[in-house]
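Here is what each chain is made of, one letter per residue.
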Amino acid sequence: MHKFITVLLVLFVPLIVSGCGSDVEGLIKSNMAEITQTYYAGEVELDRASISVGKREEPYIKDGICGKSVSFSLVTLSLGSEFFDLRLPATLTIDGKSEQILLELVSNIYMFDLEKSINTDQDITLSYLDKTMTLTRQEFAVDSASALKTASVKLHNTLDDYISRNKLSGECYLKVLGRVDENYDDYFWAFTFIGRDGKVINLVMDVTSGEVVGEK
């Protein structure tokens, strides 16, 4: 009997220590340093804007360690004409309520975090300079949950090396890439894994088909 138990332990312990049989999708979800769940976008003339809504860690540090999450709604604005001021005042109108915001220039894109989660099916209006832009909620065929599932399947074997005792040694990010972010004509889900050893894995997925269109 003792010999039988010993044999079971010998067979079972490697499964505990390694990532074999681990719930990779569940571990990814519990180690999201940033995830965009809702996305609004619009453009007027050559200007493009978006609002990414979701959760991200605070403080926001890409170090492979997932911290406590807070809600965010990040407004980004890319101007088609030259405008060199470091700050750009604007008015954001959501569900009939207007809020004054001050966009700050970061790498040629103006940004402002509302530091809260917004959720509306109505169009959002962004007024700045002498322009008014309408931002519409984007309903992707592949939502954030489906994108994470695809990432977990595609990277299962790779991430398995970062799993020990049912814990993931790293943090994950899921963002939307679009017209503002990378000047794309289409939208994509961008999944990133950062290991505590500094290794970075990127996966880009089509928001319509879920097809993986890029990996490095």
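Located above this text is the structure these notes cover.
This structure is a prediction, so every number in the text was calculated from the model and none was measured.

Visitor: Would you take a moment to explain the layout of surface pockets for this structure?
Guide: Using a probe with the size of a water molecule, rolled over the atoms, empty space left in the structure can be pinpointed. Size it by volume and the second largest pocket reaches roughly 180 Å³. Taken together, Leu77, Ser78, Leu79, Gly80, Ser81, Glu82, Phe83, Phe84, Leu105, Asn108 and Tyr110 make up the lining of the second largest pocket. Of the residues contributing to the lining of the second largest pocket, the split by class is six nonpolar, four polar and one charged.

Visitor: Help me out: how do you make sense of the environment of Asn157 in this one?
Guide: Among the structural elements, Asn157 can be located in helix H4 (residues 156-160). In this structure, the C-alpha to C-alpha distance between Asn157 and Val24, residues 133 residues apart in sequence, is 9.3 Å.

Visitor: Could you clarify how one ought to interpret unusual backbone geometry in this entry?
Guide: Peptide bonds are mostly trans, and most non-glycine residues show a negative phi. Cis geometry marks the peptide bond from Glu58 to Pro59; its omega dihedral reads 5°. With respect to the helices and strands, the residue Pro59 is situated in the loop between strand E2 (47-57) and strand E3 (69-78). Phi is positive for Asp95, which is not a glycine, with a value near 50°. Unlike most non-glycine residues, Glu115 shows phi in positive territory, near 60°. For Glu115, the location among the structural elements is in the loop between strand E6 (109-113) and strand E7 (124-128).

Visitor: Could you clarify how one ought to interpret the nonpolar core in this entry?
Guide: Within soluble globular proteins, side chains that are nonpolar generally end up buried alongside one another. Within the largest apolar cluster, 28 residues are counted, with the highest numbers of intra-cluster contacts made by Ile28, Leu174, Trp189, Phe191 and Phe193. Going through the elements one at a time, helix H2 (24-29), strand E1 (32-44), helix H3 (144-154), strand E11 (170-177), strand E12 (188-195) and strand E13 (200-206) are the ones with two or more residues in this core. Sort the elements by how many residues they give to this core and E1 lands first, with four residues. Each residue touching Ile28, except ones within four places of it in the same chain, is listed here: Leu148, Ser152, Leu159, Leu168, Cys172 and Phe191. Ranked by size, the runner-up nonpolar core spans 21 residues in total, among them Tyr40, Ile124, Leu126 and Leu135.

Visitor: Honestly, the pairing of strand E14 (residues 212-215) in this entry has me stumped. Any pointers?
Guide: Note that E13 and E14 share three bridges and pair antiparallel. Note on E14: the bridge partner recorded for Leu203 is Glu215. Connecting E13 to the next strand, E14, in antiparallel fashion are five residues, including Gly210 with a positive phi near 80°.

Visitor: How should the pattern of salt bridges be read in this particular structure?
Guide: Any two side chains of opposite charge can pair, on the condition that their charged atoms come close. Applying the stated criterion across every chain, the model contains eleven salt bridges. Glu45 is the partner of Lys131 in a salt bridge, and the nearest nitrogen-oxygen pair spans 3.3 Å. Of this pair, Lys131 sits in strand E8 (residues 131-137) while Glu45 sits in the loop between E1 and E2, placing them 86 residues apart in sequence. Asp113 is the partner of Arg56 in a salt bridge, and the nearest nitrogen-oxygen pair spans 2.8 Å. Residue Arg56 is found in strand E2, and its partner Asp113 is found in strand E6; the two are separated by 57 residues along the sequence. Each of the salt bridges in this network shares a partner with another, and the network as a whole consists of Glu25, Lys29 and Lys149.

Visitor: It is not clear to me how the pairing of strand E5 (residues 97-106) should be interpreted in this structure. Could you clarify?
Guide: On a regular strand, one side chain projects to one face of the sheet and the next to the other, so that they alternate. The pairing of strand E4 (residues 87-94) with E5 spans eight bridges and is antiparallel. Residue pairing in the sheet places Leu88 in a bridge with Leu103 of E5. Between the end of E4 and the start of E5, which pair antiparallel, lie two residues, with Asp95 showing a positive phi angle near 50°. Across three bridges, E5 lies against E6 in antiparallel orientation.

Calculation rules
Residue numbers run consecutively from 1 along every chain, following the written order of its sequence. Where totals are concerned, whole chains, interfaces and linings use all residues; where local detail is concerned, this predicted model gives features only for residues with pLDDT of at least 70, and gives and counts side-chain atom pairs only at 80 or more. Processing note: side-chain calculations cover all non-hydrogen atoms of the structure and skip hydrogens and water entirely. Using a 1 Å grid laid over the protein atoms alone, points where a 1.4 Å probe fits but cannot get out form a cavity; open sets with protein on both sides within 12 Å along at least 5 of 7 lines form a pocket; any residue with an atom within 4 Å of a point counts as lining. Grid points are joined across faces, edges and corners, and a volume is the space filled by probe spheres set on the points. Any residue outside Ala, Val, Leu, Ile, Met, Phe, Trp, Tyr, Cys, Pro, Asp, Glu, Lys and Arg is labelled polar, Gly included; the first ten of those are nonpolar and the last four are charged. Strands here are runs of E lasting at least two residues and helices are runs of H or I lasting at least four, both read from the DSSP assignment and numbered beginning at the N terminus. By nonpolar core we mean a set of buried residues, namely Ala, Val, Leu, Ile, Met, Phe, Trp, Tyr and Cys, connected to one another through side-chain atoms within 4.5 Å. Partly exposed residues are those whose accessible area sits between 20% and 50% of the maximum for their type, while under 20% is buried and over 50% is exposed, using a 1.4 Å probe and protein chains only. Note on definitions: a residue-residue contact is assigned when non-hydrogen atoms from the two residues lie within 4.5 Å. Strand pairing requires that DSSP identify at least two bridges connecting the strands. One speaks of a salt bridge when a side-chain nitrogen belonging to Lys or Arg is within 4 Å of a carboxyl oxygen belonging to Asp or Glu.

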